[in-house]
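Single-letter residue listing:
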Amino acid sequence: MTTLVVHETGDKKNVTDMLRSAGLRPTRQRVSLAELLYSRGDRHISAELLHEEAVDADVPVSLATVYNTLHQFTEAGLLREVAIDGNKTYFDTNVSDHHHFFIEGENRVIDIPGEGVGIGSLPKAPEGMEIVRVDVVVRVREKR
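The rules behind each value
Residues numbered from 1 in each chain as written. Predicted model: local features only at pLDDT ≥ 70, side-chain atom pairs only at ≥ 80, totals over all residues. Heavy atoms only, no water. Pairing = 2+ DSSP bridges. Helix = DSSP H or I, 4+ residues; strand = E, 2+ residues; numbered from the N terminus. Buried < 20%, exposed > 50% of the residue type's maximum accessible area, 1.4 Å probe, protein only. Arc of directions from axis to C-beta. Contact = heavy atoms within 4.5 Å.

Asker: Looking at this structure, how should I read the pairing of strand β4 (residues 80-85)?
Answerer: Every other side chain in a regular strand lies on the same face of the sheet, so the side chains alternate between the two faces. The pairing of β4 with strand β5 (residues 88-92) spans five bridges and is antiparallel. When the sheet's bridge partners are listed, Asp85 is paired in β5 with Lys88. Linking β4 back to β5 in an antiparallel pair, the connection comprises two residues.

Asker: Help me out: how do you make sense of helix α3 (residues 47-56) in this one?
Answerer: Since one α-helical turn is 3.6 residues long, residues separated by three or four positions face the same way. When we look at burial in α3, the residues that qualify are Ala47, Leu50, His51, Glu53 and Ala54. In a view along the axis of α3, the buried residues occupy a sector of 160 degrees, so they form one face of it. The inward-facing, buried residues of α3 abut α2 (28-38), β3 (44-45) and α4 (63-75). Immediately downstream of α3, the backbone of Asp58 shows phi near 60 degrees, a positive value.

Asker: Would you mind going over the sheet that holds β3 with me for this structure?
Answerer: Within a beta sheet, neighbouring strands are joined by backbone hydrogen bonds and run either parallel or antiparallel to one another. The strand order β3-β5-β4 describes an open sheet built from three strands, whose pairing is antiparallel. Every interior strand has two partners, whereas the edge strands, β3 and β4, have only one. As paired strands, β3 and β5 are joined by two bridges and run antiparallel to one another. By the bridge assignment, His44 is partnered in β5 with Asp92.

Written out as structure tokens, the structure reads:
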């Protein structure tokens, strides 16, 4: 199976080329996990859910390997880590500039376009540091 990935620019690449372009060796497990990650378009996924998908797809991979691979993809710029709580992290296949709604009770994350959030001012970064990105997570729930 050769899954095509559509990038922000509209370019289509297969996952092997995408991994190589990001400086990652396209091992069997990385290719399999990338195919699962990117075959459904932009989405937010936890390591546990990706592991379940891998098991269902008969991809022999441990949960530890899924975590390691997701972190490698994040370091390579292929994913964006979205920390909701100290104990809940999602990985976003959309690495463009945007923010997130977290739907409480459903444990679901959805995108807010980057221009949908205005930030008035930011503090000065500590000496020798620079601000890389600002992540906004807006928690929402059903009206009561």
